[in-house]
Amino acid sequence: MDIQKYLQEKKDLVDSALERYLPKEEEFSATLGQAVRYSLFAGGKRIRPILSIASFEAVGGKGDGILPFACAMEMIHTYSLIHDDLPAMDNDDYRRGKLTCHKVFGEAISILAGDALLTEAFKLMSQRPLIDHFQFEERLVLEIINEVASASGIFGMVGGQAVDIESEGKEIDFPTLQYIHTHKTGALILVSIRMGAKLGRADEDRLRALSHYGERIGLVFQIVDDILNVQGKRELLGKTTGSDLRRGKATYPSLFGLEESKRKAEELAESAVQSLSSFGLEADPLREIAWFIVKREI
Ligand code: GRG
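So, a few notes on the structure that sits alongside this text. Think of each chain on its own: its residues are numbered from 1, step by step along the sequence as written. Only residues with pLDDT of at least 70 get local features here, since the model is predicted, and only at 80 or more are side-chain atom pairs given and counted; chain-wide, interface and lining totals rely on the full set of residues. Think of the side-chain values as coming from all heavy atoms in the structure, minus any hydrogens and water.

Quick look at the site of the ligand
Piece 1. Here a residue is near a molecule or strand as soon as one of its heavy atoms is found within 4 Å of it. Within the structure, the ligand sits among 20 residues, and Lys-45, Arg-48, His-77, Ser-80 and Arg-96 are positioned closest to it.
Piece 2. Under the rule applied, a polar contact is a pair of N or O atoms within 3.5 Å (in protein, one hydrogen donor and one hydrogen acceptor; residues adjacent in sequence only if both atoms are side-chain atoms). Contact distances for the ligand include 2.5 Å between an oxygen atom and a side-chain N or O atom of Lys-45.
Piece 3. In this structure, an oxygen atom belonging to the ligand sits 2.7 Å away from a side-chain N or O atom of Arg-96.
Piece 4. Breaking the shell around the ligand down by element, the ones donating at least two residues are helix H3 (47–58), helix H4 (67–85), helix H9 (157–167), helix H10 (174–199) and helix H11 (204–231).
Piece 5. The helix count covers DSSP runs of H or I at least four residues long, the strand count covers runs of E at least two residues long, and both are numbered beginning at the N terminus. If you tally residues by element for the shell around the ligand, the top one is H4, at five residues.

Here it is, written out as structure tokens:
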């Protein structure tokens with residue numbers, strides 16, 4: 001299959017759904033609206049919503065019911081990037097080759113833009129008309145919203161980010177590094193996949209297989225991110241090579257070296273793909289995405 005074509009098609013689908021779901025700018029503060037749009041449409045790969053859609057379709061899910069949930073994941077991801085770039089956190093001037101939100105709109109509006117995206121995501125997933133329209137059971141929707149909250153909060157991304165910040169400049173052991181990766185980055189990726197499986201009515205075996213896949217590609221995603229940080233292939237996008245090293249961040253390359261990190265990423269991707277052995281062609285996009293994550297350069 002042509003994975004680039006698939007990713008572009010799904011990205012377009014997500015982009016137009018985000019346009020539909022976002023509150024109209026005239027309905028609230030113009031600056032806040034501009035800041036939210038600026039970051040949400042800054043050229044992200046949309047990998048989390050695409051994983052939700054791919055997982056939904058892999059278990060036989062049909063129609064557009066996955067879209068509000070998939071878009072909610074992109075909103076949460078965008079909030080995390082806006083906050084992560086702030087001076088109090090990573091203090092980055094550029095993301096995706098563009099000035100970061102706070103460089104354009106100031107810190108206060110950027111904090112609010114992140115807050116707005118996080119809350120709008122939960123509003124979107126819990127909207128009565130959407131639930132009614134797609135005829136989802138309330139119990140299922142509640143379960144998914146709870147899982148997304150858990151993956152985003154103290155026991156997920158926020159918790160991982162806190163340990164990451166506290167670990168800067170310290171020597172950390174491998175279990176701590178694993179904790180940071182699985183929580184800061186892995187949790188949102190895993191829940192994106194699980195929500196697709198659940199909304200597509202996966203049985204227990206398929207949900208387990210997809211969770212196994214999700215845990216592994218979440219880790220691959222972060223290892224590759226660490227490798228790209230060392231290699232500096234993203235300099236054209238305004239990212240500085242070796243920023244993790246300068247901040248004293250422990251990473252896969254700093255613990256294992258570059259070559260071993262690459263080997264581990266490939267091994268994990270292989271294991272992720274293996275988890276899908278009971279699926280047929282319908283899981284090909286997920287298989288291809290695992291390799292896309294290993295090979296990505298941005
Ligand atoms: C502020 C609560 C809070 C959490 C921040 C996301 C995050 C946690 C930190 C970002 C640091 C970072 C670069 C983590 C590596 C993994 C990651 C999230 C990379 C960016 O995701 P992509 O590549 O981004 O999917 P695009 O630009 O495609 O949307």
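Examining unusual backbone geometry
Piece 1. Phi is positive for Arg-46, close to 65°, though the residue is something other than glycine.
Piece 2. With respect to the helices, strands and loops of the structure, Arg-46 is situated in the loop between helix H2 (30–40) and H3.

Examining helix H8 (residues 138–152)
Piece 1. How far a helix is expected to stretch is found by multiplying one less than its residue total by 1.5 Å. Between the first and last C-alpha of H8 there are 21 Å, a value that for 15 residues agrees with the 21 Å anticipated at 1.5 Å per step.
Piece 2. With a 1.4 Å probe rolled over the protein chains alone, any residue whose accessible area is under 20% of its type maximum counts as buried; one over 50% counts as exposed, and the rest are partly exposed. Burial in H8 covers these residues: Leu-140, Val-141, Ile-144, Ile-145, Val-148, Ala-151 and Ser-152. Down the axis of H8, the buried side of the element spans an arc of 130°, and every buried residue falls inside it. Opposite the packed face of H8, turned more than 90 degrees from it, sit the exposed residues Arg-139, Leu-142 and Asn-146.
Piece 3. A contact between two residues is defined here by any heavy atoms of the two lying within 4.5 Å. Those residues of H8 hidden inside the fold are in contact with H4, helix H6 (107–125), helix H7 (128–134), H9 and H10. By definition, the arc is the one covered by directions from the helix axis to the C-beta atoms.

Concerning H2
Piece 1. Along H2, the residues classified as buried are Leu-32, Gly-33, Ala-35, Val-36, Tyr-38, Ser-39 and Leu-40.
Piece 2. Check the buried side of H2 and you find it contacts helix H1 (3–21), H4, strand E2 (98–99), helix H5 (101–105) and H6.

Topic: the packing of aromatic side chains
Piece 1. Working definition: rings of Phe, Tyr and Trp (its six-membered ring) pair if their centres are within 6.5 Å, and the pair is stacked with planes under 30 degrees apart, edge-to-face with planes over 60 apart, and tilted otherwise. Following the criterion strictly, the structure yields six aromatic pairs and no others.
Piece 2. Ring centres of Phe-69 and Phe-136 lie 5.9 Å apart, and the angle between their planes is 85°; this geometry places the pair in the edge-to-face category. Taken together, the positions of Phe-69 in helix H4 and Phe-136 in the loop between H7 and H8 put the pair 67 residues apart, joining distant regions of the chain.
Piece 3. Both rings, one in Phe-174 and one in Tyr-252, keep their centres 6.0 Å apart while their planes meet at 80°; by these two values the pair is edge-to-face. Here Phe-174 is found in helix H10, whereas its partner Tyr-252 is found in helix H13 (residues 252–256), with 78 residues between them in sequence.
Piece 4. We classify Phe-174 as partly exposed; its relative accessible area is 33%.
Piece 5. Tyr-252 gets classed as buried once you look at its relative accessible area, which sits at 3%.
Piece 6. Site record: aromatic cluster; members linked through ring pairs are Phe-69, Phe-134 and Phe-136.

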